[in-house]
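# Notes for the structure review
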Protein chains: 4
Amino acid sequence: MSSNFGTLFRIATFGESHGPAVGVIVDGCPPRLEISAEEIQAELDKRRPGQSRLVTQRDEADQVEVLSGLFEGQTTGTSIALVVRNADHNSGAYDHLKDLYRPSHADYTYEAKFGIRDHRGGGRSSARETIGRVAAAAIARKLLTVGTGVEIVAWVDEVHTINASVDSEVVTSEMVEGHPTRCPDPEAADAMASAIEQARRDGDSLGGVVKFVVRNVPVGLGEPVFDKLDADLAKALMSLPATKGFEIGSGFAGTQMTGLSHNDAFTPGADGKPETATNNSGGIQGGMSNGAAITGRIAFKPTATISSEQDTVNTDGKAVKLAAKGRHDPCVLPRAIIMVESMIALVLADHWLRQKALDVL
Amino acid sequence: MSSNFGTLFRIATFGESHGPAVGVIVDGCPPRLEISAEEIQAELDKRRPGQSRLVTQRDEADQVEVLSGLFEGQTTGTSIALVVRNADHNSGAYDHLKDLYRPSHADYTYEAKFGIRDHRGGGRSSARETIGRVAAAAIARKLLTVGTGVEIVAWVDEVHTINASVDSEVVTSEMVEGHPTRCPDPEAADAMASAIEQARRDGDSLGGVVKFVVRNVPVGLGEPVFDKLDADLAKALMSLPATKGFEIGSGFAGTQMTGLSHNDAFTPGADGKPETATNNSGGIQGGMSNGAAITGRIAFKPTATISSEQDTVNTDGKAVKLAAKGRHDPCVLPRAIIMVESMIALVLADHWLRQKALDVL
Amino acid sequence: MSSNFGTLFRIATFGESHGPAVGVIVDGCPPRLEISAEEIQAELDKRRPGQSRLVTQRDEADQVEVLSGLFEGQTTGTSIALVVRNADHNSGAYDHLKDLYRPSHADYTYEAKFGIRDHRGGGRSSARETIGRVAAAAIARKLLTVGTGVEIVAWVDEVHTINASVDSEVVTSEMVEGHPTRCPDPEAADAMASAIEQARRDGDSLGGVVKFVVRNVPVGLGEPVFDKLDADLAKALMSLPATKGFEIGSGFAGTQMTGLSHNDAFTPGADGKPETATNNSGGIQGGMSNGAAITGRIAFKPTATISSEQDTVNTDGKAVKLAAKGRHDPCVLPRAIIMVESMIALVLADHWLRQKALDVL
Amino acid sequence: MSSNFGTLFRIATFGESHGPAVGVIVDGCPPRLEISAEEIQAELDKRRPGQSRLVTQRDEADQVEVLSGLFEGQTTGTSIALVVRNADHNSGAYDHLKDLYRPSHADYTYEAKFGIRDHRGGGRSSARETIGRVAAAAIARKLLTVGTGVEIVAWVDEVHTINASVDSEVVTSEMVEGHPTRCPDPEAADAMASAIEQARRDGDSLGGVVKFVVRNVPVGLGEPVFDKLDADLAKALMSLPATKGFEIGSGFAGTQMTGLSHNDAFTPGADGKPETATNNSGGIQGGMSNGAAITGRIAFKPTATISSEQDTVNTDGKAVKLAAKGRHDPCVLPRAIIMVESMIALVLADHWLRQKALDVL
């Protein structure tokens, strides 16, 4: 339950930050999809630590091994197991965290829920858990590319008070990958980089907003009641560490409009299909894709791990002081981009397969 | 798939706006819960149309009938079927909608997905679908009350540009129910009522923001990876009609803070358990409840149905004009309150049961 | 959980023997399937009590009402709710069962599991629960007929010590429906009818064996590991009341053969596809259909309800005597045929849709 | 889907016979269960090849590695990943099988379903897939032992025409493990061993029947409608390779009795709880455990792999001759015992947890 995601394209992740390995099993992937370990590795490399000085310096190659489910370069239709060994697990660095609860981390809630916790590097609550998601999503994304032509682009749109100016209609992954911040507005990107480095020097951390656009989505993906496409995207993205908010289309700003201006008027499209003159719906109406680009935003809080001293309590319930010693990201957003894109890919691949099971008569 | 929700406390809804009935089956409700049809009816009455002039004048008693699962005033542990007959289904009023797609409704996406749609009153996409949710949630809520003392309060916090001032620590359901707008700030509530009536007169509609607080939540509810409590709340609430955004705790505003100010310092609590000095986490850390109040916000767009003339296309792909004739709400927020509380209750009841299946050694 | 079945073609049943109604919600049925209430009714009529003097004389019309999911004679792709009112619920006839446990019934286990039970006519454990299954399966069966040409025939093959001689390659539903016993061997059928009537006169009851054949199954249905087609059939059929055993293909008798004689040699088929010279596999190899007819057998125990006096205990744990007063079937097999065919249809429809979600590249 | 099993105690297996590894993820295991890699290994050793000359001589240590979910000797409540490397994968030995379909194997159905298959050693259809099941079940079994005292014993009761005489009330695992055949009747065991060796010499193979008894089962496990305990056991056991039949309690033989003799009369038990004078129900009534021992039988067909020459067709649809060259078991039953016990443990652990989520008021 706790580590399963998806209905037809289904994944189960495992692994703790300082255990032997992290990974994922993908079940329900259609057979005969051409995919290589290298393609999976390429996605993992985007979330790997140590890519620039903006992110944590933990030294991990994060090399994926395919244990099952591929044969002669293709998926077999059976479960695909992907494993990444944890290399740099200097567990001793976390001994001072064994008996206290870091503020705004999951230490206390893990202890309260399970009565036991692996305190080393956050254990299961570490962002290393997302390795399994990204690896699985590499396959989902290839499936979407081959089967539908769907294109997913996410980028850092805000860091703290710095806003980027990005045209969501033309932005590409290449533009996003062009700067260590993964903000495709060069001027804002440089300002963000400076702010992040300053935060690190201050023993502080920053949050921000990730924006995404999904193009070429087939019409009709998503279920009309509970498993609405936007509801499933909301869950998927709010299941990422450090997220605090989700918007689709006009989002909270849309509440300031009235129906007359918010409604997306239909117009006859070039191919005879209806198109919308505006896209306040964010590409989803009644929970189903309408053919327009799917657009949304996700809020990430400032990283909880900071090197400044903080008040907290220990496992005996006594007040103590804490200063983080481990390596960490002063701003998670640059490395969150691939996680956001991955979760979107997992949701869309799943709904695309679900639609195939409806389109049968 | 499309109409199922929940893992252990599981519901399946059914029904179209102008079919014979709407309803729900609840499966997985523990036995020996005392609950009456009257208690379920009381919740349904909160979402019933025709309660005030602010909401749609469709005349529906929405009387619930219990078909199974209760015996001598208690749940039996087997599936509970609840049905509400559709009384006022003047389907002819919708004939003019048969061959066109209303802007920002689900008409086109239903057609695209299924190749068939019940156009009468929106069919399955009608907000009448939420009757099943509210009826099921009446049981979930009773279960939470008896089993945990959880208290759920939602209210209208913003309508268009009007903001209420509400103290989330003290607000009660009685205060919310005290005004037809379901805004517990009397001054703002009156302004909202005026704005809603003006919108109706203008053939326009308004959106807004619902805020919620959940008190007395047991520590440790929610799963640490995908089924995070905030992720499941996000999905649940974004599955309601007309929602465009979700926030937990500090939400999007939290991205403007830094880690030093955003982190919720732990302090020794009265009972020896850690408490947080602030609550930017919104009562959830790492996806699990931490004992503080769960707080969040949901954005609702302006109602798509407006009586002003709009541009759209018909099923032949030709441009046409549309002016709505049916009864409708110029602002869904007052009736959305019970829907929001219901979805929260369904999520919490489910996670409470899931926790019982972990707490066994 | 307790009342849900299926992965993509998914049903949830509800209802007690003497509550207001029994029924089902079908979720995941593809849109645009032509189906009428009359077609569903025709299947229900096969399991209706009072069809002949061999079965219970409870007087129930078992008239189905469609509450949702059909529009202008077609499925809409959204959830289909079907309800049958309980007409003849003379609950008083069961007052003497309130405080004791009938042998080999579910009275004691319901009480032990739930701490509460609806004793009237067996409550949820009544065979009336299967009404929902049969109604839902009428839709599944139509889907299979339209989509695949699958043909399902089950029949009474043994009653107590009487064995029928039936050629499974040519037997048809018409032949089965030709005798009140639903045994298509006329001579054996008459003997069975006599034995059943004698058992009733003796205050006793009989069990027997149902055999089934499924023709025209597409190759490759079923999943290779847990959700093997035969495993899912086993679960489906063993979930019917009174079942004690299940066999696929050669079954228990196959254990008396050796590999040389048991193996089904492949031969080149007329269409170039491999065929098997024998069918000890029962049409399923490695959990997946191989194109040959699927064949199997199900054991049904003698009906637990008998009018002879029996020893039992009451709810106070004291030894008491019991003599059944209600109406009942001295042999469930004739009415079990449609239940067996229904469960097979539900499993096959589900796996057919699951296969559609794999066949996408 | 294809490789997932269980509702709350949930497993996902992976791995092909000649890929890098096989294994499993266990999700939903309660925290704080004491379990070591050694305890898991001890169960795996029971299914390991090469234990005696009765079974395949493939040389595999089948050493388990725990990748996640255990911390300081206890489960953490998060997903547990277990991996076993495939050591002796001499894939070249299978080259001659690449282009043909072995009779009564899954070669053809895999090809038909997926359009691709890993032919090396049966790929995913190899019995090595059950390693993941047995490893996961070692944890389930420990959970049952600690939480309930449930005791599961299975044994070889028949091989071909040789029947053992075993008292199911007193048989123990020690008695079963006392002979390489895993038949606890020494005389029959020796005859079985001779028959199996003779079959190997003859290039032939044998099937047989496994019997099981489960003692100390809490009353009330199992769900009353679809997820009946016997239905879930049927599915679990019929999902094992080579199974052809399943019986609970009186099974097919019970159809030869009448209601008067088949019904299990209740008598006042020592502790005031009802007991049954006989156990034709096999410990399950209405799908729920009644406190008596759960008893059943499973039919295993003769091994499909035999060294005698057989007729078959190749992938071009031409008739060819096949003689197996690989190592194989002439009779799977001795190694099937731990698989049977494992599947039973998985089902019971799951239902025990499900019951905990009902017993809350």
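Quick caveat, the model's predicted, so the values are computed rather than measured. (Residues numbered from 1 in each chain as written. Chains lettered and ligands numbered in written order. Predicted model: local features only at pLDDT ≥ 70, side-chain atom pairs only at ≥ 80, totals over all residues. Heavy atoms only, no water.)

### Remarks on the overall build of chain A
A count of helical and extended segments in chain A gives eight helices and 18 strands. Relative to its length of 361 residues, chain A is compact, with a C-alpha radius of gyration of 21 Å against a globular reference of 21 Å. Once the C-alpha set of chain A is aligned to its principal axes, its extents read approximately 65 × 50 × 35 Å. Taking all 361 residues of chain A together, 69% fall into the buried category. Restricting to contacts in chain A with at least 6 residues of sequence separation, those with at least 24 account for 70%. Surface exposure of chain A reaches about 10,600 Å², of which carbon and sulfur atoms provide 48%. Charge-centre separation for chain A: the mean point of 36 positive side chains lies 5 Å from the mean point of 47 negative side chains. (Helix = DSSP H or I, 4+ residues; strand = E, 2+ residues; numbered from the N terminus. Rg over C-alpha atoms; globule rule 2.2 N^0.38 Å. Buried < 20%, exposed > 50% of the residue type's maximum accessible area, 1.4 Å probe, protein only. Contact = heavy atoms within 4.5 Å. Areas by Shrake-Rupley, 256 points an atom, 1.4 Å probe, with all protein chains shown as cover. Lys, Arg positive; Asp, Glu negative; His and termini not counted. Charge placed at Lys NZ, Arg CZ, Asp CG, Glu CD.)

### Structural notes on the interface of chain C and chain D
Each partner contributes residues to the interface: chain C has 104 residues there, and chain D has 104 residues. Where chain C abuts chain D, roughly 8,000 Å² becomes buried across the two surfaces, and 63% of that area is made up of carbon and sulfur atoms. Our enumeration of links across chain C and chain D arrives at four salt bridges. Its salt-bridge partner being D:Asp232, residue C:Lys235 comes within 2.7 Å of it at the nearest N-O pair. For the pair chain C and chain D, the number of links is 37 residue pairs in polar contact (both at pLDDT 80 or more). By residue class, the composition of the side of chain C that touches chain D is 40 nonpolar, 41 polar and 23 charged. Bridging between strand β11 (residues 243-248) of chain C and strand β11 (residues 243-248) of chain D involves three bridges; their strand directions are antiparallel. Residue pairing for β11(D): C:Phe246 is matched across the bridge by D:Phe246. (Buried area = accessible area lost by both parts, 1.4 Å probe. Salt bridge = Lys/Arg side-chain N within 4 Å of Asp/Glu carboxyl O. Polar contact = N/O pair within 3.5 Å; in protein donor to acceptor, adjacent residues only side chain to side chain. Nonpolar A, V, L, I, M, F, W, Y, C, P; charged D, E, K, R; others polar. Pairing = 2+ DSSP bridges.)

### Description of the relation of the copies chain B and chain A
Here chain B sits on chain A after a turn of 180° about the axis and a move of 0.0 Å along it, with an RMSD of 0.0 Å. What the superposition gives is, in effect, a two-fold axis relating one chain to the other. Taken together, the interface assignments show that 100% of the residues at the interface of chain B recur at the interface of chain A, consistent with an identical surface on both copies. (Least-squares fit on C-alpha atoms with pLDDT ≥ 70 in both.)

### Let's talk about the pattern of salt bridges
Across all of its chains, the model carries 96 salt bridges over all chains by this definition. Of the charged contacts, one joins B:Glu151 and B:Arg215 as a salt bridge, the two residues approaching to 3.6 Å between their closest N and O atoms. Pair noted here: B:Glu151 is in strand β8 (residues 151-159) and B:Arg215 is in strand β10 (residues 208-215), with a separation of 64 residues, a long-range link. Residue B:Arg215 is classed as buried on the basis of its relative accessible area, which comes to 13%. Overlapping salt bridges, with partners in common, bring together A:Glu223, A:Asp227, A:Asp232, A:Arg354 and B:Lys235 in one network.

### Observations concerning the packing of helix α6 (residues 229-238) of chain A against helix α6 (residues 229-238) of chain B
At a minimum axis distance of 8 Å, the contact between α6(A) and α6(B) shows a crossing angle of 165°. With respect to α6(B), the element α6(A) is oriented roughly antiparallel. Viewed along their axes, α6(A) and α6(B) form a crossing whose handedness is right-handed. Counted together, A:Asp230, A:Ala231, A:Asp232, A:Ala234, A:Lys235 and A:Met238 of α6(A) and B:Asp230, B:Ala231, B:Asp232, B:Ala234, B:Lys235 and B:Met238 of α6(B) form the full contact between these two elements. Of the residues contributing to the contact of α6(A) with α6(B), the split by class is six nonpolar, no polar and six charged. (Axes fitted to C-alpha atoms, helices over the stretch in contact; angles between N-to-C directions. Parallel < 35°, antiparallel > 145°, perpendicular 65-115°, else oblique. Left-handed = near helix turned anticlockwise from the far one by under 90°.)

### Comments concerning the sheet that holds strand β2 (residues 10-15) of chain A
All names here are of chain A. Strand order in the open sheet formed by five strands is β1-β2-β3-β7-β4, and the pairing between neighbours is antiparallel. Strands at the two margins of the open sheet, each flanked by one partner only, are β1 (4-5) and β4 (64-66). Sheet analysis places β4 next to strand β7 (residues 80-85), joined by three bridges and oriented antiparallel. Among the inter-strand pairings, Val 66 is bridged to a residue of β7, identified as Leu 82. Strands β4 and β7 of the sheet are contacted by helix α1 (residues 37-47), whose axis makes an angle of about 150° with β4.

### Quick look at the sheet that holds strand β10 (residues 208-215) of chain A
As a general point, the strands of a sheet are linked pairwise by backbone hydrogen bonds and lie either parallel or antiparallel. An order of β9(A)-β8(A)-β10(A)-β16(A)-β11(A)-β11(B)-β16(B)-β10(B)-β8(B)-β9(B) is seen for the ten strands of this open sheet, with the pairing classed as antiparallel. Each edge of the open sheet carries a strand with a single partner, namely β9 (162-163) of chain A together with β9 (162-163) of chain B. Relative to strand β16 (residues 294-300) of chain A, strand β11 (residues 243-248) of chain A runs antiparallel, the two sharing five bridges. Paired with A:Thr243 across the bridge in β16(A) is A:Phe300.

### Side note on the interface of chain B and chain A
Listed per partner, the contact involves 105 residues of chain B and 105 residues of chain A. Roughly 8,000 Å² is buried in total at the junction of chain B and chain A, and carbon and sulfur atoms are behind 62% of that figure. In terms of surface lost to chain A, no three residues of chain B exceed B:Lys113, B:Phe226 and B:Lys244, which account for 11% of the buried area on that side. The tally of links from chain B across to chain A stands at four salt bridges. Across the chain B-chain A interface, the total number found is 37 residue pairs in polar contact (both at pLDDT 80 or more). When the residues that make up the side of chain B that touches chain A are grouped by side-chain class, the tally is 40 nonpolar, 42 polar and 23 charged.

### Looking at the packing of α1(A) against helix α3 (residues 130-147) of chain A
All names here are of chain A. Where α1 contacts α3, the two axes come as close as 9 Å, and the packing angle between them is 135°. Relative to α3, α1 is oriented oblique. Crossing angle aside, the handedness with which α1 passes α3 is right-handed. Between α1 and α3, the residues in contact are Glu 39, Ile 40, Glu 43, Leu 44 and Arg 47 and Thr 130, Ile 131, Val 134, Ala 135, Ala 138, Ile 139, Arg 141 and Lys 142, respectively. For the contact of α1 with α3, a count of residues per class yields seven nonpolar, one polar and five charged.

### Observations regarding the pairing of strand β2 (residues 10-15) of chain B
In the case of a regular strand, side chains alternate between the two sheet surfaces. Residues and elements named next belong to chain B. Counting buried residues in β2 gives six out of six residues, a clear majority hidden from the surface. Here β2 shows no split at all, with Arg 10, Ala 12 and Phe 14 on one side and Ile 11, Thr 13 and Gly 15 on the other all buried. Here two bridges tie strand β1 (residues 4-5) to β2, and the two strands are oriented antiparallel to one another. Within β2, the residue paired with Phe 5 across the bridge is Ile 11. Sheet analysis places β2 next to strand β3 (residues 21-27), joined by six bridges and oriented antiparallel. Bridged to Arg 10 within β3 is Asp 27.

### A word on the relation of the copies chain C and chain D
For the match of chain C to chain D, the screw axis carries a shift of 0.0 Å, the RMSD comes to 0.0 Å, and the turn is 180°. Mapped onto chain D, 100% of the interface residues of chain C are again interface residues, and the two copies thus contact each other with one and the same surface.

### So, the packing of aromatic side chains
Residues and elements named next belong to chain A. The full count for this structure, using the stated rule, is 22 aromatic pairs over all chains. Between Tyr 110 and Phe 114 the ring centres are 5.6 Å apart and the planes differ by 45°, which places this aromatic pair in the tilted class. Here Tyr 110 and its partner Phe 114 are both found in helix α2 (residues 107-114), four residues apart, which amounts to about one turn of the helix. You can call Tyr 110 buried: its relative accessible area is 6%. Classification of Phe 114 as buried rests on a relative accessible area of 0%. (Phe/Tyr/Trp six-rings, centres within 6.5 Å; stacked < 30°, edge-to-face > 60°.)

### Overview of the state of the cysteines
All names here are of chain C. The full count for this structure, using the stated rule, is zero disulfides over all chains. Cysteine Cys 331 shares no disulfide, and the gap to the nearest cysteine sulfur, in Cys 183, comes to 11 Å. By relative accessible area, which is 1% here, Cys 331 ends up buried. (Disulfide = S-S within 2.5 Å.)

### Brief notes about the nonpolar core
Note that soluble globular proteins tend to have their nonpolar side chains buried in a common cluster. With 355 residues, the main nonpolar core has A:Phe9, B:Phe9, C:Phe9 and D:Phe9 as its most contacted residues. Leave out the neighbours within four places in its chain, and A:Phe9 touches A:Val26, A:Asp27, A:Cys29, A:Ala136, A:Ile139, A:Ala140, A:Leu143, A:Leu346, A:Ala349, A:Asp350 and A:Leu353. (Core = buried A, V, L, I, M, F, W, Y, C linked by side-chain atoms within 4.5 Å.)

### Focus: the confidence of the model for chain A
Taken as a whole, chain A shows an average pLDDT of 94; of its residues, 96% reach a score of 70 or greater. Two numbers describe this predicted complex: its pTM, 0.97, and its ipTM, 0.97. (pLDDT = per-residue confidence, 0-100.)

### Overview of the environment of A:Arg124
With respect to the secondary-structure elements, A:Arg124 resides in the loop between α2 and α3. The exposure class assigned to A:Arg124 is buried, which follows from its relative accessible area of 4%. Each C-alpha atom of the pair A:Arg124 and A:Glu65 lies 20 Å from the other, and the pair is 59 residues apart in sequence. The contacts of A:Arg124, once residues within four sequence positions are left out, are A:Ser3, A:Thr13, A:Phe14, A:Gly15, A:Glu16, A:Tyr110, A:Glu129, B:Val225, D:Thr78 and D:Ser79. Side-chain polar atoms of A:Arg124 contact the side chain of A:Ser3, separated by 3.0 Å. Of the polar contacts made by the side chain of A:Arg124, one reaches the side chain of A:Thr13; its length is 2.7 Å.

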